[in-house]
Amino acid sequence: MKEFKIHTKNLNLYYGNNRALKDVTIGIDENKITSLIGPSGCGKSTFLRTLNRLNDTIDNVRIEGEVMIDDINIYDKNVDVVALRKRVGMIFQKSNPFPKSVYENVAYGPRINGVKSKKELDEIVETSCKRAAIWDEVKDRMNDSAIGLSGGQQQRVCIARALAVDPDVLLMDEPASALDPISTAKIEELMFELKTDLTIVIVTHNMQQAARVSDKCAFFLMGEIVEYNSTKNMFTKPDKEETQNYVSGRFG
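Below or above, wherever it landed, is the structure these notes cover. (Residues numbered from 1 in each chain as written. Predicted model: local features only at pLDDT ≥ 70, side-chain atom pairs only at ≥ 80, totals over all residues. Heavy atoms only, no water.)

1. Remarks on the sheet that holds strand 7 (residues 169-173)
Here comes step 1: If you trace the 6 strands from one edge of the open sheet to the other, you get 6-7-8-3-9-10, paired in mixed fashion. Both edges of this open sheet fall to strand 6 (88-91) and strand 10 (224-230), since each of them pairs with a single strand only. Neighbour-to-neighbour, the strand axes of the sheet open up by a mean angle of 15°, direction not taken into account.
Here comes step 2: Two strands pair when backbone bridges link them, and strand 9 (residues 216-221) and strand 10 are joined in this way by 6 bridges, in the antiparallel orientation. For Leu221, the partnering residue across the bridge sits in strand 10 and is Glu224.
Here comes step 3: Contacts between helix 6 (residues 151-163) and the sheet are confined to strand 6 and strand 7, with strand 6 contributing the most and set at about 170° to the helix. (Pairing = 2+ DSSP bridges. Helix = DSSP H or I, 4+ residues; strand = E, 2+ residues; numbered from the N terminus. Axes fitted to C-alpha atoms, helices over the stretch in contact; angles between N-to-C directions. Contact = heavy atoms within 4.5 Å.)

Structural data, given as structure tokens:
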């Protein structure tokens, strides 16, 4: 019986000679929302990107240590990175729909994974849009460009696109930071619904958001995890003074 969905052990990441992550060891629970908090430049997004090997695309990056997902080290040379990124979806800070129709955005992943049947694609697109709480808003606009949607709708189409390949982990890098409060609330509600099937890891600068949505929080500072705790404890009785100072707004 695996203890955690994701488990990193002594994870170090270097950009050239600069050590951006320092011995990060953390266990992330299945079907929970884990928030990564901390000031800008503390390593949150870098850490998030290690979980689906997105840092591999950056020159001069070196990684030491282990990142285990379901007890498999994803940095093992036998791991298929394309298959990994299918299982571990990513939602970025700025919504990035393709300049295609809403339908083609959501159908993109299943198509490149070999789904050819129109009926099957239709079903996947509808199911994914429903799971992403965007279906009712786009069902009559499936052939319109996704670029013409509002920011919040675009972000949910991107979530539907990630869900269409049936991942079991969803990484979210400040997914609501560019959105208005109503769209932000929709994304947060959606996260609650999705965690019944998915493990979600979110980077957020918004302390209220971290307090609202997450089960656990990891506080990063200078590339290290200062504290990893239940969200309730993190915001009411943190173990470390640095955490207290950060969550109460005294620095960061």
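Okay, back to it.
2. Here's the deal with the pattern of salt bridges
Between side chains of opposite charge, pairing is possible as soon as their charged atoms come close.
Here comes step 1: Tallied over the full model, the rule gives 21 salt bridges.
Here comes step 2: We note a salt bridge from Asp70 to Lys5, for which the minimum N-O separation is 2.9 Å. One end of the pair, Asp70, is in the loop between strand 4 (61-69) and strand 5 (72-73); the other, Lys5, is in the segment before strand 1 (6-15), and 65 residues separate them in sequence.
Here comes step 3: Among the residues examined, Lys5 registers a relative accessible area of 3% and is labelled buried.
Here comes step 4: In this structure, Asp122 and Lys118 form a salt bridge, with 2.9 Å as the shortest nitrogen-oxygen distance. Here the residue Asp122 and the residue Lys118 both occupy positions in helix 4 (residues 118-131), the gap between them amounting to 4 residues, near one helical turn. (Salt bridge = Lys/Arg side-chain N within 4 Å of Asp/Glu carboxyl O. Buried < 20%, exposed > 50% of the residue type's maximum accessible area, 1.4 Å probe, protein only.)

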